Amino acid sequence: AQSVTQLDSQVPVFEEAPVELRCNYSSSVSVYLFWYVQYPNQGLQLLLKYLSGSTLVKGINGFEAEFNKSQTSFHLRKPSVHISDTAEYFCAVSGIGGGNKLTFGTGTQLKVEL
Amino acid sequence: DARVTQTPRDKVTEMGQEVTMRCQPILGHNTVFWYRQTMMQGLELLAYFRNRAPLDDSGMPKDRFSAEMPDATLATLKIQPSEPRDSAVYFCASGLAPGDTEAFFGQGTRLTVV
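Quick notes on the rules
- Residues numbered from 1 in each chain as written.
- Chains lettered and ligands numbered in written order.
- Predicted model: local features only at pLDDT ≥ 70, side-chain atom pairs only at ≥ 80, totals over all residues.
- Heavy atoms only, no water.
- Helix = DSSP H or I, 4+ residues; strand = E, 2+ residues; numbered from the N terminus.
- Buried < 20%, exposed > 50% of the residue type's maximum accessible area, 1.4 Å probe, protein only.
- Pairing = 2+ DSSP bridges.
- Disulfide = S-S within 2.5 Å.

### What to know about unusual backbone geometry
Right, on to step 1. For the peptide bond that leads from B:Thr7 to B:Pro8, omega is -10°, which places it in the cis range.
Right, on to step 2. By the secondary structure assignment, B:Pro8 is in the loop between β1 (5-7) and β2 (10-13).
Right, on to step 3. In this structure, B:Pro81 follows B:Gln80 across a cis peptide bond, with omega equal to -5°.
Right, on to step 4. The phi torsion at A:Thr72 lies on the positive side, around 45°, for a residue other than glycine.
Right, on to step 5. On the secondary structure map, A:Thr72 appears in the loop between β8 (64-68) and β9 (73-78).
Right, on to step 6. Not every positive phi belongs to a glycine, and B:Arg52 is a case in point at roughly 75°.
Right, on to step 7. Within the secondary structure, B:Arg52 sits in the loop between β5 (42-50) and β6 (53-56).
Right, on to step 8. A residue is classified by how much of its surface remains accessible, and B:Arg52, at 43% relative accessible area, is partly exposed.

Quick look at the structure:
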């Protein structure tokens, strides 16, 4: 079984500032890792995913994440945020060989202010 | 433009009534998930189908919830009888396994039971 911890429920940040959203996971098997974004009244959209290979993964909208196996972390970063990045961000994990079944964290609300 | 389609988008019903939510997965996808999103519990996996067969419905209250896939283009989630605590947003997602690791989400059905 897997679990995901997103330590910050809300992250306020000013526009054009950098941001990091934290994610830690626990699993007894090797995993795939994902970040999804949810805009108000919308479904979840994939930002990026880590399957294997390079630990630095680049996604859409200028986001990137780094997989750190020793720290069991997969933090999401963006060097300069925009108002339109205001949304809820979910970290998720699936066990390799377990199908696409995702276990989600509780989400981090990113609020970008002028 | 391939997408997961869920109907209805919004449903208000009285306690005790039957509720049916429908999902059309992306054509060609063989895996379907039902998730429930609430403020208190976040995103919970209710049921998971592969090639129309249920693989895991351990997250679903069996006494009142049922999930089926009558054919490859339709998944349904029924609640009978509905209760106020069932109020949530229900998401359907589809994917292609093995091989593809991404789950594509629909816009969700917002259910309010009064």
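This is not the end of the story, as more comes after the structure.
### Considerations on the pairing of strand β4 (residues 31-38) of chain B
All names here are of chain B.
Right, on to step 1. Most of β4 sits inside the fold, with seven of its eight residues counted as buried.
Right, on to step 2. Looking at chain direction, β4 and β5 are connected through eight bridges and run antiparallel. Following the sheet pairing, Phe33 is matched in β5 by Tyr48.
Right, on to step 3. In this structure, β4 lies alongside strand β9 (residues 88-95), joined through seven bridges in antiparallel fashion. From the neighbouring strand, Trp34 faces β9, where its bridge partner is Cys92.

### Section: the state of the cysteines
Disulfides are covalent bonds that connect the sulfur atoms of two cysteines.
Right, on to step 1. Evaluated as defined, the whole model comprises two disulfides over all chains.
Right, on to step 2. Disulfide pairing places A:Cys23 opposite A:Cys91 at an S-S distance of 2.0 Å. One quick way to see it: the torsion about the S-S bond of A:Cys23 and A:Cys91 is about -65°, and its sign makes the bridge left-handed. With A:Cys23 in the loop between β3 (19-21) and β4 (24-27) and A:Cys91 in strand β10 (residues 87-95), this pair connects stretches of sequence that are 68 residues apart. In this structure, A:Cys23 and A:Cys91 share a single accessibility class: buried.
Right, on to step 3. Between the sulfur atoms of B:Cys23 and its disulfide partner B:Cys92 the distance amounts to 1.9 Å. Disulfide B:Cys23 to B:Cys92: torsion about the S-S bond roughly -60°, handedness left-handed. With B:Cys23 in strand β3 (residues 19-24) and B:Cys92 in strand β9, this pair connects stretches of sequence that are 69 residues apart. The residues B:Cys23 and B:Cys92 share a single accessibility class, namely buried.

In short, the description is geometric, and any link to function would need to be established separately.
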